[in-house]
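# Reading the structure
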Amino acid sequence: MAGSTLEIKDLHVSVEGNEILKGVNLTIKGGEFHVIMGPNGTGKSTLSSAIMGHPSYEVTKGSIHLDGEDVLEMEVDERARAGLFLAMQYPSEISGVTTSDFLRSSMNAVRGEGNEIPLMKFIKQMDKKLDALEIDKNMAQRYLNEGFSGGEKKRNEILQMSLLEPKIAILDEIDSGLDIDALKIVSDAINDMRSENFSTLIITHYQRLLNYIKPDVVHVMMQGRIVKTGGPELAKRLEEEGYEWLKEELGIQDETVGEQA
Amino acid sequence: MTVDTKLTYTNEYIEQFSQDRNEPEWMKTLRLEALEQVEHLDMPEPDKTKIVRWNFTRFHHDFVSGENISSLDHLPEEIKDFFDQDNLPENLLIQRNHSIAHAALSKELKEKGVIFTDIFTAMNEHSELVEKYYMKDGVAVDEHRLTALHAALMNGGIFVYVPKNVQIEEPLQAVFWQEKPGLAYFNHVIVVAEQNSSLNYVENYISNSEEETVANIVTEVFANDNAKISFGAVDNFAENTTVYTNRRGIAKRDATINWAIGQMNDGNTIFENITELVGDNSLSHANTVTVGRGKLIQNITAKTIHWGKNSEGYILQHGVMKDSASNVFNGIGKIENGASGSNAEQTSRVLMLSEKARGDANPILLIEEDDVMAGHAASVGKVDPMQMYYLMSRGITRKEAERLIIHGFLEPVVAELPLESVKKQLKQVIERKIN
Ligand SMILES: Nc1ncnc2c1ncn2[C@@H]1O[C@H](COP(=O)(O)OP(=O)(O)O)[C@@H](O)[C@H]1O
Ligand SMILES: [Mg+2]
């Protein structure tokens, strides 16, 4: 079987009683690179958080399935072990836990009991990925995300993705706060993952990432829904003309989810 | 309700006890004078913890010898975990009940004049030296009833002395094993580092007494000019032992005293750790971690008192409370008039793992001088759900995520312990207690 399929149907999500997502439909098949674009405040992070199971986000309607399995029935850790990964926009800092210990714990968790990675093999793999991402080796011994710069945090998220080899990776604004060199390095790492067993949902509100990563499908999110879907040419047009034409076409004044009307 | 704090110890008992130990006259006098004061002195009043119902009177004080441990290859089960078999410390004292069961000090250190021996032997062989430091400039006999009681009833402990200019790299380890149930531990430890000397000292208190009893421990640590002492400890008293522990440091000019204390008692505990930064440019890091479980009630005070100019005192207290355990942290920085250029910082944090657990963190600054720096931070809270979410989003189970966060929370202090084996052992104790 070629890769996994993530299927989201009519997804409604509320935070603190406010409905943010208002019926999202999205299917990602094995090997596909999807991009969701859209201005700030349109619900992109809410979608990624709901898929991963963030405790503050309540799914009020709709469904998420991974290869037919009901994702909404799973605990956060089960979702990860099932093959989902979310590079977070704002990853937590965890004092006293070294990045390396954390990486090893999560790799072993994903690999499952009895299939733990031997220490030397882990170190080798980690070092290789650290080199590829041009991350200072010291980072492995630093406490997880503590005192990391914005760019270091982003690279650390990508490092985790590379080591955990998920089936479907959601990358929430992985490009923000990265300079051009870092952007290239991160893009290379993402492109390296490309295979029929890996798909990704890249969330961004800049187009510049797409100079380095070729998407198969481009979606635009506004007002808590996917309002337009197309190919790479859609991203190109957004880059050149902005969102105004689209808002006009759809009759949208305020694209954000906004306070509940 | 009144609680019986009366004790039945007489002058004759104390005299006999002192004579049986072959103590010098000054010690006998000190004991008798202390006994007289016991009744007139008040109990200590730890801030925010009521101790009136705690048992401070029911215990067996008699001196009890422990069996010798002739070879470390055959360590008794109960204390085995406290050593790294492949890496046994060269300098080691094991006190079993009240007597020394094993003593080792390297030839090299002996030749340099290092003293590392039990308190009674020290009083015989170095009477003047012990007298100079014993409850004089450190802990005073009459601070309150428990210090006086300690002075009257002291029944074990050790004396560590590092002469001028002697720098010791390898740690000195002391293990105090309360093996016999109900045995009272009135332990006295003195650590002296003379000018320009340095040492790493680490001690373990181990007990598994199911009978109720009392530990009343006084430790006095002296870092003379430009000396550096790193003091590690893991206290591990059992549930029915009421513990009063007083660890006091005196740092002279350019001296450093760093504390890394794992407070892992299961019995109600008062722990005070005061460091007097007497000399100019003296420095202290006072780090404590604790894990409380069951019905533990605990009061932990760390205090730095700044007398010297440019003295620096950093207090770090991290505690994890589960079940219905309750913990008060007091972190006090006191800067006296004249201690200009000093810096006092206190951080106290409590992580609570259950609804019934209690935590209190009180950083306090008392400043009598203008030209100083000071800062404090405190928090009492639960495990951060965002941290849990982050770890779990990488496949780590809820239980394992919580475990990682707790160990991480305690790590800043654990990492400071000077012996790998003690570090490992503390981690094991933490693991056992949080599970
Ligand atoms: N945890 C939260 N608490 C309250 N409001 C939230 C929370 N998360 C998101 N929102 C609201 O939901 C809307 C969409 O946010 P988000 O999904 O982060 O947008 P995007 O990622 O597209 O910028 C915003 O109006 C935001 O204020
Ligand atoms: Mg966002």
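Everything numeric in this text was worked out from a predicted model, so none of it was measured. (Residues numbered from 1 in each chain as written. Chains lettered and ligands numbered in written order. Predicted model: local features only at pLDDT ≥ 70, side-chain atom pairs only at ≥ 80, totals over all residues. Heavy atoms only, no water.)

### Re the overall build of chain B
Each helix and strand counted, chain B has 10 helices and 19 strands in total. Relative to its length of 435 residues, chain B is compact, with a C-alpha radius of gyration of 21 Å against a globular reference of 22 Å. By its C-alpha atoms, chain B is 65 × 55 × 50 Å across when sized along the principal axes. Taking as baseline every contact in chain B between residues at least 6 positions apart, the subset at least 24 positions apart corresponds to 82%. In chain B, which carries 42 positive and 64 negative side-chain charges, the distance between the mean positions of the two groups comes to 6 Å. (Helix = DSSP H or I, 4+ residues; strand = E, 2+ residues; numbered from the N terminus. Rg over C-alpha atoms; globule rule 2.2 N^0.38 Å. Contact = heavy atoms within 4.5 Å. Lys, Arg positive; Asp, Glu negative; His and termini not counted. Charge placed at Lys NZ, Arg CZ, Asp CG, Glu CD.)

### Side note on the overall build of chain A
A count of helices and strands for chain A gives 8 helices and 12 strands. For 261 residues, the compact-globule formula gives about 18 Å, and the C-alpha radius of gyration of chain A, at 18 Å, lands near that figure. Expressed along its principal axes, the backbone C-alpha trace of chain A runs to roughly 60 × 40 × 40 Å. The buried share of chain A, reckoned over its 261 residues, is 54%. Considering only intrachain contacts with a sequence separation of at least 6, the fraction spanning at least 24 residues in chain A is 70%. (Buried < 20%, exposed > 50% of the residue type's maximum accessible area, 1.4 Å probe, protein only.)

### Considerations on the sheet that holds strand β4 (residues 57-66) of chain A
Residue and element names in this part refer to chain A. What the 4 strands build is an open sheet, ordered β2-β1-β4-β5; its pairing is antiparallel. Across the chains shown, the open sheet's two edge strands, defined by having one partner strand only, are β2 (18-28) and β5 (69-70). Judged from the 2 bridges that link them, β4 and β5 form a sheet pairing that is antiparallel. Its bridge partner being in β5, histidine 65 is matched across the sheet by aspartate 70. Running at roughly 110 degrees to strand β1 (residues 6-15), helix α1 (residues 44-52) makes contact with β1, β2 and β4 of the sheet. (Pairing = 2+ DSSP bridges. Axes fitted to C-alpha atoms, helices over the stretch in contact; angles between N-to-C directions.)

### Here we look at the confidence of the model for chain B
Taken as a whole, chain B shows an average pLDDT of 94; of its residues, 99% reach a score of 70 or greater. Scored by ipTM, the complex comes to 0.97, with pTM at 0.89. (pLDDT = per-residue confidence, 0-100.)

### What about the UniProt feature "domain: ABC transporter" (unreviewed entry) in chain A?
Per the UniProt record, "domain: ABC transporter" (unreviewed entry) is annotated on residues 6-248 of chain A. Spanning residues 6-248 of chain A, this segment combines 35% helix with 29% strand, and its end C-alpha atoms are found 31 Å apart. (UniProt positions renumbered as here; feature names shortened; annotations may be inferred.)

### What about the packing of aromatic side chains?
Inspection of every chain in the model, using the stated rule, returns 17 aromatic pairs over all chains. An angle of 15 degrees between the planes, with centres 6.0 Å apart, marks the rings of phenylalanine 102 of chain A and tyrosine 390 of chain B as stacked. Residue phenylalanine 102 of chain A is located in helix α3 (residues 99-111), and its partner tyrosine 390 of chain B is located in helix α8 (residues 385-392); the two belong to separate chains. The same class applies to phenylalanine 102 of chain A as to tyrosine 390 of chain B, namely buried. Judged by centre distance (5.8 Å) and plane angle (75 degrees), the ring pair of phenylalanine 63 of chain B and phenylalanine 120 of chain B falls under edge-to-face. (Phe/Tyr/Trp six-rings, centres within 6.5 Å; stacked < 30°, edge-to-face > 60°.)

### With respect to the coordination of the magnesium ion (ligand 2)
Ligation of the magnesium ion (ligand 2) by protein atoms is provided by Ser45 of chain A (OG) and Gln89 of chain A (OE1), these donors lying 2.1 to 2.4 Å from the ion. You can see serine 45 of chain A sitting in helix α1 and its partner glutamine 89 of chain A sitting in the loop between β6 (84-87) and β7 (94-98), a full 44 residues away along the chain. (Donors = N, O, S within 2.8 Å, 3.2 Å for Na, K, Ca; no water.)

### A closer look at the UniProt feature "domain: SUF system FeS cluster assembly SufBD N-terminal" (unreviewed entry) in chain B
With numbering aligned to this structure, UniProt lists the feature "domain: SUF system FeS cluster assembly SufBD N-terminal" (unreviewed entry) at residues 20-173 of chain B. Helix makes up 31% of residues 20-173 of chain B and strand 16%, with an end-to-end C-alpha separation of 27 Å.

### So, the packing of helix α2 (residues 25-38) of chain B against helix α7 (residues 145-153) of chain B
Residues and elements named next belong to chain B. At a minimum axis distance of 7 Å, the contact between α2 and α7 shows a crossing angle of 145 degrees. Viewed along their axes, α2 and α7 form a crossing whose handedness is left-handed. Contacts between α2 and α7 involve Leu30, Arg31, Ala34, Leu35 and Val38 on the former and, on the latter, Arg145, Ala148, Leu149, Ala151, Ala152 and Leu153. Partitioned by chemical class, the residues of the contact of α2 with α7 number 9 nonpolar, no polar and 2 charged. (Left-handed = near helix turned anticlockwise from the far one by under 90°. Nonpolar A, V, L, I, M, F, W, Y, C, P; charged D, E, K, R; others polar.)

### Examining the layout of surface pockets
Looking at the largest pocket, its volume works out to about 440 Å³. Around the largest pocket, the lining is made up of 21 residues, and of these Asp101 of chain A together with Arg403, Leu404, His407 and Lys427 of chain B lie nearest the centre. When residues of the lining of the largest pocket are traced back to their parent elements, those giving at least two are β7, α3 and α4 (119-132) of chain A together with α9 (398-414) and α10 (420-434) of chain B. Looking at which element gives the most residues to the lining of the largest pocket, the answer is α9 of chain B, with 6 residues. (1 Å grid on protein atoms, 1.4 Å probe; cavity = no way out; pocket = protein on both sides within 12 Å on 5 of 7 lines; lining within 4 Å. Points joined across faces, edges and corners; volume = space filled by probe spheres on them.)

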